[in-house]
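Chain by chain, the residues:
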Number of protein chains: 2
Amino acid sequence: MLTQKVKKQLENIVGKENVEDSQAAKLVYSYDATPQFQSLPDAIVSPRNTEEVSKIVKLCNDHNIPIVPRGSGTNLCAGTCPIEGGIVLLFKHMNNIIEIDEDNLTVTVQPGVITLDLIQEVEKKGLFYPPDPSSMKISTIGGNLNENSGGLRGLKYGVTRDYVLGLEVVLPNGHIIRTGGKLAKDVAGYDLTRLFIGSEGTLGIITEATLKLVPMPETKKTMLALYQDLEAAARSVSKIIANRIIPTTLEFLDQPTLEVVEDFTKIGLPTNVKAVLLIEQDGNKEQVDRDLDKIQKICLEESAISVQIAQTEEEANELRTARRSALSALARLKPTTILEDATVPRSEIAKMVKAIEEIANQYNVRICTFGHAGDGNLHPTCLTDVRDQEEMERVEKAFEAIFQKAIELGGTITGEHGVGAMKAPYLHLKLGESGILAMKQIKQAFDPNHIMNPGKVFAKSERKRVVVTS
Amino acid sequence: MLTQKVKKQLENIVGKENVEDSQAAKLVYSYDATPQFQSLPDAIVSPRNTEEVSKIVKLCNDHNIPIVPRGSGTNLCAGTCPIEGGIVLLFKHMNNIIEIDEDNLTVTVQPGVITLDLIQEVEKKGLFYPPDPSSMKISTIGGNLNENSGGLRGLKYGVTRDYVLGLEVVLPNGHIIRTGGKLAKDVAGYDLTRLFIGSEGTLGIITEATLKLVPMPETKKTMLALYQDLEAAARSVSKIIANRIIPTTLEFLDQPTLEVVEDFTKIGLPTNVKAVLLIEQDGNKEQVDRDLDKIQKICLEESAISVQIAQTEEEANELRTARRSALSALARLKPTTILEDATVPRSEIAKMVKAIEEIANQYNVRICTFGHAGDGNLHPTCLTDVRDQEEMERVEKAFEAIFQKAIELGGTITGEHGVGAMKAPYLHLKLGESGILAMKQIKQAFDPNHIMNPGKVFAKSERKRVVVTS
């Protein structure tokens, strides 16, 4: 609990209007997009600049008060649920695009900038920021950095990590450090930049980032390949890449997902096929045309029943938007939607899709599968109801089997959603006890009082999807 | 010093033939490519597999014996000079390409593989491993990983770090961990992969790496632009990039460098111009042709006196080889060659080139400048003689001024060579005391006995280019 004295000190730092602790405010920030995790913070604090963040961190460190940095709370790993109370740190005042540098092809931003706003601003200058998580309309760059967010363009362009040149970070001891810079090459010391990316706020607070931009591709084309056989679709994915073609986007949607997405978006998606691949390529016109020809051929060889190229940008955009709305569409069907992101090597996609089907049958749960097939990053999504305790236990077991299978195929428990509180009990499957120990040593070195987003990444128990309240 | 007992234990681990401690062997491994650093190790140990590395590390940790992992010793930061004695760890037995995975576009290697061998092996399969340090004919992948090596293709393709998907690492406590995998996306825990890359053997021993490959570009073209004005060349670099063209390679050589390189290679390089840019672009034919047209136009607008496109692959290869031989060529002129890698944002290249000229004049030292201009990564190279103490002091001051200037322009003290022992006294210029403290916390957490490549990265004193013997 926050004492009145500490609350006063927080108000002195950020101004009275930037410390909220009404019951309503605490409820709003008690959960994020992850089902089954809820816990009230003690207060919500909105700093106006880095110096204020530093003062807040020092104060919290002195009083052992947890700090949970939060963007828009769209993460799916309970990464921003304040499970040990403390303060939620909001960046609503630190939401500026500080500079777009057209000579160095960089953009410098504060954490509160909305991802899509950033993308659109740099596109006005003919520049391109590729990372595009499905939540980009509302997610913030700060959240993307803390979770190392992926997206639909990850196959060709990589993830958030690949676009960060430098950071300003407030460490748990209150020190403000700067890593990297507007530099294509920099090996001065350990790679602290990438250590903070994806560390989910457990090592420090990112207060500014310099991101790499690339020239806007000349053109882009979108196509849809339809299949009556899940595995044929998955095989096409592997074959495209083995043929040395790296499309921008290579998304997979199974029939149940297609049905609900079509019902939600009404754009005329086929619902009578077992699976579709949504494929995009960008680059110069000649290359895009050649790649699309080759991809079409591969898909037909692998028994696609039809391959259609979007004829207009409007049509292409509808397809992309439909794919991005998969989670929202699925969430309408049942009270609880659990979307995971077990990831395997690309070559194992067909095996993984099959295994997910079998596991769903084995535990008698409903799992729809879609996702970034080209990355081996699938989103098996379970439609369930938390009030049905018996079913929830089967859901839990089914996901555990899915994670196990992913590891068995050389994969990982999380491709882009992060560990947070949700996946912490499974992390040892991927890293082993020695890997987790190495991480704990870093955590302990930086944050000996465990004030930075406690209860995340490192599991305290075997507790999984259980509601926590404080 | 190694006791006879410990030597025996090492022999028991790796076999008698893999522990050398003759005076000749110790001399061979007492220095690397960095002038002015030399120190004898106590023994040279060549493990045959990861388990042996783990046993060696445990033994050394128990007895506080320094371990210096070493590839071919081509680094320029005294990163592999055993300045506190101990054992040099050689990977001559761990030099296999374990697997080229054509479905997942990955290659898995042991640290002792020669960089160029790897590049050539994957090219046979139509695949491409872009990082190409100038030393690639003899450098090892293990060395590249530990130093996060750059190269001539870094502008478009990035550096070693950008191609590492997973590592096997022996930690100072002897634990063997695996990070990442054949995975395009993986956010399970902290980014240990990138923490080890560029950590110069101070945090653990890399024993295996899975690297990302990309499809081989369809075609490649090389051109040479000649200038009578250094700054015009530098301005061309900035303007090409500001025009949204990212060439594969954008190298700069000044007149003194041109002269010695031509003298060394005899391929008919112009020596009567002030500077040249060596520019390469790869990709599909149409794009390469279009980019080269645009680049040619920009160079001519910026007063290039001529722009020539290599007519054959042989001619192009001669130009690249000439550039790669710059260090060897320069090294023939004077007894001591000191090559640095201060790096600035691309937009500041013209200012930096000018500043280097002024600093060389101010301290009356001979500095030739060449390097990866497109990355802002220059190699000011001083030709001197260590026996001339008075000149060496001026050289030291000149480089300090160059580092200061790079920082002032938003740059860094090292773009691709690493910190090692050589740059450790300057690291605070880039990171500040808080940044160095954060790094020290990690080092202390992983390696409390400071056995891993001690004396590197972290400065013990202000000692710079001074010969050390033990």
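Residues numbered from 1 in each chain as written. Chains lettered and ligands numbered in written order. Predicted model: local features only at pLDDT ≥ 70, side-chain atom pairs only at ≥ 80, totals over all residues. Heavy atoms only, no water.

Identification of chain A as Glycolate oxidase from Aeribacillus alveayuensis is taken from an unreviewed UniProt entry. Turning to chain A, the UniProt annotation filed under Cofactor (unreviewed entry) states: "FAD". (UniProt positions renumbered as here; feature names shortened; annotations may be inferred.)

Student: Quick question: what am I supposed to make of the sheet that holds strand 6 (residues 106-109) of chain A here?
Tutor: Adjacent strands of a sheet form backbone hydrogen bonds with each other and so pair up, either parallel or antiparallel. Residue and element names in this part refer to chain A. Spatial strand order, 5-6-10-8-9: five strands in an open sheet with antiparallel pairing. If you trace the sheet from one side to the other, it starts and ends with strand 5 (97-101) and strand 9 (176-180), each paired once. Each strand axis lies, on average, 10° off the axis of its neighbour in the sheet, ignoring direction. Pairing of strand 8 (residues 164-170) with strand 10 (residues 205-212), which is carried by six bridges, proceeds in the antiparallel orientation. Looking across to strand 10, one finds that Glu 168 is bridged to Glu 208. Against the sheet, helix 3 (residues 50-62) makes contact with strand 8, strand 9 and strand 10, and its axis sits at roughly 50° relative to strand 8, the strand it touches most. Relative to strand 5, helix 4 (residues 115-123) is tilted by about 35°, and along the sheet it contacts strand 5, strand 6 and strand 10. (Pairing = 2+ DSSP bridges. Helix = DSSP H or I, 4+ residues; strand = E, 2+ residues; numbered from the N terminus. Axes fitted to C-alpha atoms, helices over the stretch in contact; angles between N-to-C directions. Contact = heavy atoms within 4.5 Å.)

Student: Even after reading the chapter, I still don't get the relation of the copies chain A and chain B, so can you show me in this structure?
Tutor: Here the second copy of the chain follows from the first by a rotation about an axis and a shift along it. Expressed as a screw transformation, the operator carrying chain A onto chain B has a rotation angle of 180° and an axial translation of 0.0 Å, and the superposed copies differ by an RMSD of 0.0 Å. The relationship between the two copies is best expressed as a two-fold rotation axis. The fraction of interface residues of chain A whose copies in chain B are also interface residues reaches 100%, indicating that both copies meet through the same surface. (Least-squares fit on C-alpha atoms with pLDDT ≥ 70 in both.)

Student: Before we go on, may I ask you to explain the sheet that holds strand 14 (residues 275-283) of chain A in this structure?
Tutor: Residues and elements named next belong to chain A. Read across the sheet, seven strands follow the order 15-12-14-13-17-18-16 without closing on themselves; strand pairing throughout is antiparallel. Bordering the open sheet on either side are strand 15 (304-309) and strand 16 (336-339), each of which pairs with just one other strand. Here the strands of the sheet are splayed against their neighbours by 20° on average, with no regard to which way each runs. The pairing of strand 17 (residues 366-372) with strand 18 (residues 377-384) spans seven bridges and is classified as antiparallel.

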